[in-house]
Amino acid sequence: MTEEEKYMSRCVQLAMLGAGNVAPNPMVGAVLVYDNKIIGEGYHEKYGAAHAEVNCINNVSEENKFLIEKSILYVSLEPCAHYGKTPPCTDLIIKNNIKKVIIGCKDVYKEVAGKGIQKLQNAGVAVVSGVLEKECNDLNKRFFTFHQQFRPYIILKWAQSANGKIGSVDKRIFISNEYSNRLVHKWRSEETAILVGTNTALQDDPLLTVRLWEGKNPVRIVVDKGLKLPPSLKIFNTESKTIIYNLIKNSTEENLVYIKLERENFTHQLLNSLFEMNIQSVIIEGGTKTLQSFIDEGLWDEARVITNEELIIENGIPAPEMKNFILTKQERYLNDMIRYYKNHPEL
């Protein structure tokens, strides 16, 4: 690993601390380096709050302030050049007379998209981009998908038995163990929204909140085309905002938002609606019919499948059938094997 890659790796590390708190903004980390020593570092901590570059420069101690203009700034994403909820970071860099900036990857957001780099270069700042570019792009895969494909980043998740069943037809069965369950709640805390279908909401009566991990609850989304679900279900409490996509009505009742869609191209309409509401990512937790509909239409980005290798379910509900995928990683938590897949449309 080169010196540049080492410091960019630290930027990525820092950026990940903002997971679940900065959307729909990207996760960004920054470090300020003088004479091969980090004198300041920071990350984008919360949506609407100071950006990584601001926190990084503010992190420099008083006795080292004079070193700022002699230092190299590393940042995982191209600095912004526009006024949003905060002023442009390019202006701050230029004001502090920083002469060299090393960037992980360019921003795809239309208000930035190369303008940050150009503004810095016009001010005489030397800019190097593309250091650990793949890692920096992957860090903000949700943000890039949202702005390039005009839909949320979609994660499919389900748990299945060793014989490929996601549940029993006559009773509720808990498939994954307590360690995997805690991990699932961590996953939920990192996404903007969580989605289930009518059958899962009715049969499992889930809360769809973060209880086993520290973090904010995702927006709950349920597909209930015929509005068959009883109001007594936990998903209809006021603990978290809930959006009900259906074929019948539009209305808002306290924390419940009903959105009517047309039957034709229902899934595409749903994703368009989420895009318009600035929902950048969705984790879909079932059931089979809902998951399969996204798989069949190719509208997914990654899947996380938990398999209890010691459990056999007789008379069970078949798990979804994957298509056009590659296995990217797998890890074991006692009797649970978790496999991570990526959508690969060319296969």
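That block above? That's the structure.
Residues numbered from 1 in each chain as written. Predicted model: local features only at pLDDT ≥ 70, side-chain atom pairs only at ≥ 80, totals over all residues. Heavy atoms only, no water.

A word on the sheet that holds strand β3 (residues 72–77)
Strand pairs in the sheet, formed through backbone hydrogen bonds, run parallel or antiparallel to each other.
Move 1: Reading across from one edge, β2-β1-β3-β4-β5 is the order of the five strands in this open sheet, with mixed pairing throughout. Both outer strands of the open sheet, β2 (37–43) and β5 (126–129), are each paired with one neighbouring strand and no more. Ignoring which end each strand starts from, the neighbouring axes of this sheet average 20° apart.
Move 2: Pairing analysis gives four bridges linking strand β1 (residues 29–34) to β3, with the strands arranged antiparallel. Within β3, the residue paired with V31 across the bridge is Y74.
Move 3: Contacting β4 (100–105) and β5, helix α4 (residues 115–122) crosses the sheet at an angle of about 150° to β5. (Pairing = 2+ DSSP bridges. Helix = DSSP H or I, 4+ residues; strand = E, 2+ residues; numbered from the N terminus. Axes fitted to C-alpha atoms, helices over the stretch in contact; angles between N-to-C directions. Contact = heavy atoms within 4.5 Å.)

Quick look at the sheet that holds strand β12 (residues 256–260)
Move 1: Pairing is mixed across the open sheet formed by 10 strands, whose spatial order is β11-β12-β10-β9-β8-β13-β6-β14-β17-β16. Looking at strand neighbours, the two that pair on one side only are β11 (251–253) and β16 (325–333), the edges of this open sheet. Strand-to-strand, the axes of this sheet are offset by a mean angle of 20°, without reference to chain direction.
Move 2: Most of the contacts of helix α6 (residues 141–149) go to strand β6 (residues 153–161), to which it runs at about 125°, and overall it touches β6, β13 (281–284) and β14 (302–308).
Move 3: Along the sheet, helix α7 (residues 178–190) makes contact with β6, β8 (193–197), β13, β14, β16 and β17 (336–343), crossing β17 at roughly 30°.

As for unusual backbone geometry
Move 1: Following A23, the chain continues into P24 via a peptide bond in cis, with omega recorded as 10°.
Move 2: Among the secondary structure elements, P24 is positioned in the loop between α1 (3–15) and β1.
Move 3: Backbone geometry at N265 places phi at a positive 55°, although glycine is not the residue there.
Move 4: Its place among the elements puts N265 in the loop between β12 and α9 (266–276).
Move 5: Backbone geometry at N324 places phi at a positive 50°, although glycine is not the residue there.
Move 6: Turning to its location among the elements, N324 is positioned in the loop between β15 (316–318) and β16.
Move 7: The exposure class assigned to N324 is partly exposed, which follows from its relative accessible area of 34%. (Buried < 20%, exposed > 50% of the residue type's maximum accessible area, 1.4 Å probe, protein only.)

Limitation: the analysis is restricted to geometry and does not speak to function.
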